[in-house]
Amino acid sequence: MTRPLLPSRVLKTAKVKITTKCNRSCDFCIFADGAQGENMSLELFARILERLGTVPFRQLHINGGEPTVHRDFAALSRLAAIRLPDRVMVLGTNAITLARNQRLLDVTREVYDQILIGCDDEHGNYDEVAQVVPLLRQAGKTVVINSVLEAISSSHLDQVAALCDRTGAIHVTNHVHHIDVGQPENRLGGLCARYLDQHLMVEIDGSCYRCFNAMAKEDSEFTVWDDDFATKVFSPRTQHYQFCLKCHEYADSGHQMVPASAGGA
Ligand code: SF4
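K.L.:
Mind showing me how you'd approach the sheet that holds strand E6 (residues 170–174) here?
P.N.:
Working definition: the strands of a sheet are paired by backbone hydrogen bonds and lie parallel or antiparallel to each other. Across the sheet, which stays open at both edges, the nine strands sit in the order E6-E5-E4-E3-E2-E1-E7-E8-E9 with mixed pairing between neighbours. Here the strands that pair on one side only, and so sit at the sheet edges, are E6 and strand E9 (222–223). Both strand E7 (residues 199–202) and strand E8 (residues 207–209) contribute to a ladder of two bridges, which runs antiparallel. Within E8, the residue paired with Val-202 across the bridge is Cys-208.

K.L.:
Whenever I open this one, the packing of aromatic side chains confuses me. Can you help?
P.N.:
Here a ring pair, both rings aromatic, is described through the centre-centre distance and the interplanar angle of the planes. Per the counting criterion, the structure on display carries three aromatic pairs. Centroid distance Tyr-209 to Tyr-241: 6.3 Å. Interplanar angle 50 degrees. Geometry classified as tilted. Here the residue Tyr-209 occupies a position in strand E8, and Tyr-241 occupies one in the segment after helix H7 (229–233), the gap between them amounting to 32 residues. A residue is classified by how much of its surface remains accessible, and Tyr-209, at 0% relative accessible area, is buried. Here Lys-15 stacks its cationic end above the ring of Phe-212, 3.7 Å away from the centre of that ring. Cation over ring: Arg-87 sits above Phe-57, and NZ or CZ is 4.2 Å from the ring centre.

Conventions adopted
- Residues numbered from 1 in each chain as written.
- Predicted model: local features only at pLDDT ≥ 70, side-chain atom pairs only at ≥ 80, totals over all residues.
- Heavy atoms only, no water.
- Pairing = 2+ DSSP bridges.
- Helix = DSSP H or I, 4+ residues; strand = E, 2+ residues; numbered from the N terminus.
- Phe/Tyr/Trp six-rings, centres within 6.5 Å; stacked < 30°, edge-to-face > 60°.
- Buried < 20%, exposed > 50% of the residue type's maximum accessible area, 1.4 Å probe, protein only.
- Lys NZ or Arg CZ within 6 Å of the ring centre and 35° of its normal.

It is worth stressing that arrangement in space is one thing and function is another; only the former is reported here.
See below:
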């Protein structure tokens, strides 16, 4: 009997960090460098899009830092939509610039399908979020507001929940991750399978991580410039990231290699 062909592997999200600049300095964030950060050039971004075009994935997620503070945010966004027209376009933002700059809000409504907004006391953006979310929802955009529970008061939590009820935005919460807050180390029995075929994060220098949580700059697995980049995206993972030891989202696959020996994962 002929075995049915397995569906080919498709990555859920390719996430490109176009800047490490940000207009906030959240304590829990390891990805941004405030005003000291740097922007990815338009030319480099175009080359990264070319490399990503060789990999099957569903969503292109533009992130930072705060991507809307990139001086070429509009041009980068439109270029991505033109070069990868069949991908769902996702923007990760704190919405502060969008509330203050009509042109950037217009570009966002023109290009992006989904807008993911971090909103809590650390981001300090309740007013801006309240202003921008109804406009994005009126334009038919999917809006997801993410609050870190350790960084939001119960009254603000209620306020954000009410905004989502009124507008049809989605409110999700999570616990602080990305940082060591004194929690015990994970036992790391096997490689983490949580992000299998989920996220490819591309850093500003083209280095890649197959997990959104992985600590940047220290343990990149490969780069978009590698000749066999497209193969490496789906190759078995054989090592923990350094940050897996303290990651709140560690999910033990029980295997020393994923996905090759992860049977049915
Ligand atoms: S443990 Fe955390 S950092 Fe490591 S792969 Fe899993 S989700 Fe990513």
